[in-house]
Amino acid sequence: MIPGDKSKADANPTKAFFVRMITRDITLEDCIFDLIDNSIDGAWELAGGHPLSLDDKTDLSPFRISIHIKEDHFEISDNCGGITLDDAADYAFTFGRKETAETENFSIGVYGIGMKRAVFKLGSEIEIRSTYKDGDALASFRVPINVENWLASGDENWDFDIEEANNLEQPGVHISVAHLTDAAKRSFESPRFIRNLRRTIARDYALHLHRGLVIEVQGKPVSGWIIELRQGGEFSPMRAQFVEELEGEQVFVEILAGMTAPPPNDSEPSEDFDEGQNNSGWYVICNGRIVLAADKTSLTGWGTEGWPQWHPQYTGFMGIIIFSSRRADLLPLTTTKRSVDETSAIYRQFRSKMRETTKEWISYTNTRKQIRDEATQREEVAKAVPIFQIALRQEVELPRIASKPKVPEANILYTVPKPRLRSLASAFGNINMAYKDVGLRSFEYAFEDLVGDE
Amino acid sequence: MASFDSINYSIRPSKSVQRGIVFEGLRRASNVMELSNAIYVGFGSIWFTDFVQAHKVLNIDDMVSIEANEIGFRRATFNKAYRTISVVEGRASAKLPDILEIEGYNARPWIIWLDYDSALDEEVVEDMQWVVSNAPPNSVVLFTLSATQNAYGAKPIQRPDRIRALLGDIVPDDLSREDCTKETLPITLARLMIDFLKSEVADAARPGGFVEAFKLPYLDSVAMVTVGGILPARGAAAAARALVADASWKGAVEEVIEAPPMTLREIATLQSELPAVAALTRARIQELGFDLHERQVQSFQRYYKYLPSFAEIIA
């Protein structure tokens, strides 16, 4: 017989476990992006809330998100409308989205975890201030969180206190975090972290920045990456639009694909090859936010059924798939918003279209090897065009190349000390000359000297 | 060509000023961080100028000089200034790990000054990475490199790419060729190398972080830059930060140090005007009977305490 007071096993989570767990598998950078996402959702709601397609003309220029990072302090503020007191009391600070929460139109937030996870990851002395429009007047509140005290106050009460606060200059949210975690402190001491943060913001929020949104880091606005595909001559990118119904909601899908840069004439990986600089691959965008960039893995199909593994030979290809829906939970987002949920039905449905266009490119890079010089000339005719200006077209168009006989070729491979290579590159007139070109120039130089006319 | 074959570098005036500032900084650092137990590691060449300072000013006995050149190694061994200097033959990249292996050396702070005469290249970048990840707690690290513009590309347009290839992501995307001219490159390189060192230390998760302490671009016909910092133990970080944050800290300058080569008579004449109530002017120099460029006058006034006097001795 089980005594009455032992008839239930306690399965309530402890706060400490919760804080540890939710902050574990997310990078600091992604936490900061979660905060940016919240601000953008506010701006998007104020701007009318509709799918952020490439044709959309919504003006986001009144909105500004400012990030200030110091070695011992983090701050983000926006003028994107703020959180209302009702929302703060009932939803905004709840761990996880309540079933009763309203779906925000075309937002990027889904799971109701972003802000809490972000501030916990950053530090332990937190203040969230909000100013919002209450009728015609402005109203404000603040939520101070001292993580140590909150943890120490026991696992019964999970609530945060809401206090009176002065108004911010404009309706918006201001979050400051002090007593940074060791990981945050280390990253914020690194100029490289801050520069890379700017670069990733420029890329992942390219669509919002294109619509005029201002995101500042350390007082300096980030200029958005201009996403371009090459068009002209025998090259035309694909741009196709689709509307799907899912659980009675519409999901808008758009696919663009084509050449973003001429493919390399030498596909041997060299030490010069810089993966980070390389924009090739697939991009997945959900409600305006790039959640997967320049992907070359099985997530976007490479190396899966009927699809080869990524190879440097395919460099120059760019594919973009854009999903938008009023309900963000229908989109193939993961909780970190830094990857796609491969099991998502809508995503799987469009994988075959992604595969078809990728295969066109793969086959082009195979055939172009036979006529490298001619192919290079044809590629030069195609000019970079921002994706917003690309005309609709169901399939990608690439040059058709008929195979022809060729002179047998020899590959030469040799190793020299780097300083000597750089000295020779300098003497050839360009200290940055690629290794391969230094080799070719040296061969031509020796050939002309020792062989002369062929 | 090895530097000892080209110039007796103990007589370059701006270099002397730079060395004076560095050792004054090191002396102050040793007051707050207990560096008398430190090991000095450097490129002593055949002159050992910095080693003599390390011994006299900082009371350091155990010193290691790295010499890559075969003849240089023999001459360095012959010329070493003190019994406690050991000279090792080889490149820094190969020898530094060996020095760390010497018994007890990984538990004592290092003052390590890699004073290259060459420009930044891949090997130097690797040396910098090795040093900031492996130097024991409370070490002070310094690097000196040539900032001659042509060493980074004969054409200005090539230089930002070359610097990006060397220092990677810390180089801003908008680094322009104007940042890489003869006049601007020393300052640009100094700033970027500091950012690089900071980022490397952050990535290596050193508990005390990197405390930026030295940023000294200088010019004696060839532009050079010296950068460096303190790698404090966690407990010493606050003291190290306070030291360099103090207004009296002179280790970082924003303009290139350009001390004019001057005769003993000129130096004596000018020094008798100093310390001046108002700034010395070119007009005043002319009144005194000779002449200098305005920027040389400023440099003299700022750095005269560190200026050496040179005379030829006919023995």
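Everything below is about the structure shown above.
Description of the structure in this document. (Residues numbered from 1 in each chain as written. Chains lettered and ligands numbered in written order. Predicted model: local features only at pLDDT ≥ 70, side-chain atom pairs only at ≥ 80, totals over all residues. Heavy atoms only, no water.)

All right, on to the overall build of chain A then. Helices and strands together make up the secondary structure of chain A, namely twelve helices and 15 strands. When the backbone C-alpha atoms are referred to their principal axes, chain A occupies close to 95 × 65 × 50 Å. Taken across its 454 residues, chain A has 47% of its residues classed as buried. Excluding contacts between residues fewer than 6 apart, the proportion of contacts in chain A whose partners are at least 24 apart in sequence is 72%. Taking the average location of the 52 positive side-chain charges in chain A and that of its 71 negative ones, the two points are 4 Å from each other. (Helix = DSSP H or I, 4+ residues; strand = E, 2+ residues; numbered from the N terminus. Buried < 20%, exposed > 50% of the residue type's maximum accessible area, 1.4 Å probe, protein only. Contact = heavy atoms within 4.5 Å. Lys, Arg positive; Asp, Glu negative; His and termini not counted. Charge placed at Lys NZ, Arg CZ, Asp CG, Glu CD.)

With that out of the way, let us pick up the state of the cysteines. By the definition in use, this model includes zero disulfides over all chains. Cysteine A:Cys80 remains unbridged, with the sulfur of A:Cys31 as its closest cysteine sulfur at 19 Å. (Disulfide = S-S within 2.5 Å.)

Let us now look at the packing of aromatic side chains. Per the counting criterion, the structure on display carries 36 aromatic pairs over all chains. Ring geometry for B:Phe43 versus B:Tyr116: centroids 5.1 Å apart, planes at 75 degrees, classification edge-to-face. Within this pair, whereas B:Phe43 is found in the loop between β1 (39-42) and α3 (49-58), its partner B:Tyr116 is found in strand β4 (residues 110-119), the two being separated by 73 residues in sequence. The pair B:Phe43 / B:Tyr116 is uniform in exposure class, with both members buried. Through a chain of ring-to-ring contacts, the aromatic side chains of A:Phe235, A:Trp282, A:Trp302, A:Trp307, A:Trp310, A:Tyr314, A:Phe317, A:Trp361 and A:Tyr364 assemble into a single cluster. Taking NZ or CZ as reference, A:Lys296 lies 5.4 Å from the ring centre of A:Trp310, over its face. (Phe/Tyr/Trp six-rings, centres within 6.5 Å; stacked < 30°, edge-to-face > 60°. Lys NZ or Arg CZ within 6 Å of the ring centre and 35° of its normal.)

What follows is about α3(B). Residue and element names in this part refer to chain B. All of the buried residues along α3 are Thr49, Asp50, Phe51, Ala54 and Leu58. Buried residues in α3 make contact with α2 (13-33), β1, β2 (63-67), β3 (85-89) and β4. Of the residues one or two after α3, asparagine 59 is the one with positive phi, at around 60 degrees.

Residues and elements named next belong to chain A. All told, the structure shown has 44 salt bridges over all chains when counted by the stated rule. Salt-bridge contacts for glutamate 374 lead to arginine 378; the nearest nitrogen and oxygen are separated by 2.6 Å. A residue pair is termed a helical-turn pair when its members lie 3 or 4 positions apart in one helix, as glutamate 374 and arginine 378 do in helix α10 (residues 372-381) at four residues. Shared partners join several salt bridges into a network, and the residues in it are Glu29, Asp30, Arg203, Asp204 and Arg338. (Salt bridge = Lys/Arg side-chain N within 4 Å of Asp/Glu carboxyl O.)

Further remarks concern a nonpolar patch on the surface. A cluster of nonpolar side chains, namely A:Ile412, A:Tyr414, A:Val416 and A:Phe443, defines an oily patch on the protein surface of about 410 Å² accessible area. Following the sequence through the fold, A:Tyr414 ends up in the loop between β15 (383-386) and α11 (418-427). (Patch = residues over 30% accessible without salt bridge, like charges linked within 9 Å, V, L, I, M, F, W, Y side chains within 5 Å. Areas by Shrake-Rupley, 256 points an atom, 1.4 Å probe, with all protein chains shown as cover.)

Between chain B and chain A, the contact holds 26 residues from the first and 17 residues from the second. Both faces considered, chain B and chain A share a buried interface measuring about 1900 Å² in area, 41% of it formed by carbon and sulfur atoms. On the chain B side of the contact with chain A, B:Gln158, B:Arg162 and B:Asp169 bury the most area, a combined 26% of that side's loss. For the interface between chain B and chain A, the tally reads nine salt bridges. Among the salt bridges present, the one from A:Arg192 reaches B:Glu200, with a minimum N-O distance of 2.9 Å. For the interface between chain B and chain A, the tally reads 14 residue pairs in polar contact (both at pLDDT 80 or more). Of all the elements in the fold, those that place two or more residues in the side of chain B that touches chain A are α7 (159-167) and α8 (185-203) of chain B. Looking at the side of chain B that touches chain A, the element that brings in the most residues is α8(B), giving eight residues. (Buried area = accessible area lost by both parts, 1.4 Å probe. Polar contact = N/O pair within 3.5 Å; in protein donor to acceptor, adjacent residues only side chain to side chain.)

Another aspect to go through is the pairing of β2(B). All names here are of chain B. With five of its five residues buried, β2 lies for the most part within the structure. Taking every second residue as pointing to the same face, both faces of β2 are buried, with Met63, Ser65 and Glu67 on one and Val64 and Ile66 on the other. Pairing of β1 with β2, which is carried by three bridges, proceeds in the parallel orientation. If you follow tyrosine 40 over to β2, its bridge partner there is methionine 63. Taken together, β1, α3 and β2 constitute a β-α-β crossover, and its handedness is right-handed. Assessed by its sense of winding, the connection that carries the chain from β2 through helix α4 (residues 70-79) to β3 is right-handed. (Pairing = 2+ DSSP bridges. Right-handed = clockwise from strand over helix to strand, strands pointing away.)

All right, on to the packing of helix α7 (residues 191-204) of chain A against α8(B) then. Interaxial distance between α7(A) and α8(B) falls to 7 Å at its minimum, and their mutual angle equals 95 degrees. As the angle between them shows, α7(A) and α8(B) are arranged roughly perpendicular. Across the interface between the two elements, A:Pro191, A:Arg192 and A:Arg195 of α7(A) pack against B:Leu192, B:Asp195, B:Phe196, B:Lys198, B:Ser199, B:Glu200 and B:Asp203 of α8(B). Its residues placed into classes, the contact of α7(A) with α8(B) shows three nonpolar, one polar and six charged. (Axes fitted to C-alpha atoms, helices over the stretch in contact; angles between N-to-C directions. Parallel < 35°, antiparallel > 145°, perpendicular 65-115°, else oblique. Nonpolar A, V, L, I, M, F, W, Y, C, P; charged D, E, K, R; others polar.)

Our focus in this paragraph is the nonpolar core. The biggest cluster of nonpolar side chains holds 77 residues, and the ones touching the most others in it are A:Ile36, A:Phe74, A:Phe120, A:Phe188 and A:Ile201. With nine residues, helix α2 (residues 28-46) of chain A is the single largest residue contributor to this core. Not counting the four nearest positions on each side in its chain, A:Phe120 is found in contact with A:Val19, A:Ile22, A:Thr23, A:Phe95, A:Ile126, A:Ile145, A:Val147, A:Trp150, A:Phe160 and A:Thr181. In this structure, B:Val17, B:Val244, B:Leu292 and B:Leu307 belong to the second largest nonpolar core, which totals 51 residues. (Core = buried A, V, L, I, M, F, W, Y, C linked by side-chain atoms within 4.5 Å.)

Residues and elements named next belong to chain B. If you trace the seven strands from one edge of the open sheet to the other, you get β3-β2-β1-β4-β5-β7-β6, paired in mixed fashion. The open sheet has two edge strands, β3 and β6 (211-220), and neither has a second partner. The mean inter-strand angle of the sheet, taken between neighbouring strand axes irrespective of direction, is 15 degrees. Here β1 pairs with β4 via four bridges, running parallel. Within β4, the residue paired with valine 41 across the bridge is isoleucine 112.

Time to look at helix α9 (residues 237-245) of chain B. Residue and element names in this part refer to chain B. Along α9, the positions that sit buried rather than exposed are Ala237, Ala240, Leu243 and Val244. Buried positions in α9, seen along its axis, are confined to an arc of 125 degrees and lie on one side of it. Exposed side chains of α9 directed beyond 90 degrees from the buried face belong to Ala238 and Ala245. Those residues of α9 that are buried lie in contact with α2, β6 and β7 (222-231). (Arc of directions from axis to C-beta.)

Once that is clear, we can look at a negative patch on the surface. All names here are of chain A. Among the surface-exposed residues, Asp86, Asp87, Asp90 and Asp134 lie close enough to one another that they form a single negatively charged patch. Structurally, aspartate 87 can be placed in helix α3 (residues 85-92). Under the relative-accessibility criterion, aspartate 87 is labelled partly exposed at 37%.

Let us now look at the pairing of strand β13 (residues 289-295) of chain A. Residue and element names in this part refer to chain A. A large share of β13 lies buried, amounting to seven of its seven residues. By the bridge criterion, four bridges tie strand β12 (residues 281-286) to β13 in an arrangement that is antiparallel. Considered in β13, the bridge of valine 284 is made with leucine 292.

Structural measurements only, silent on function.
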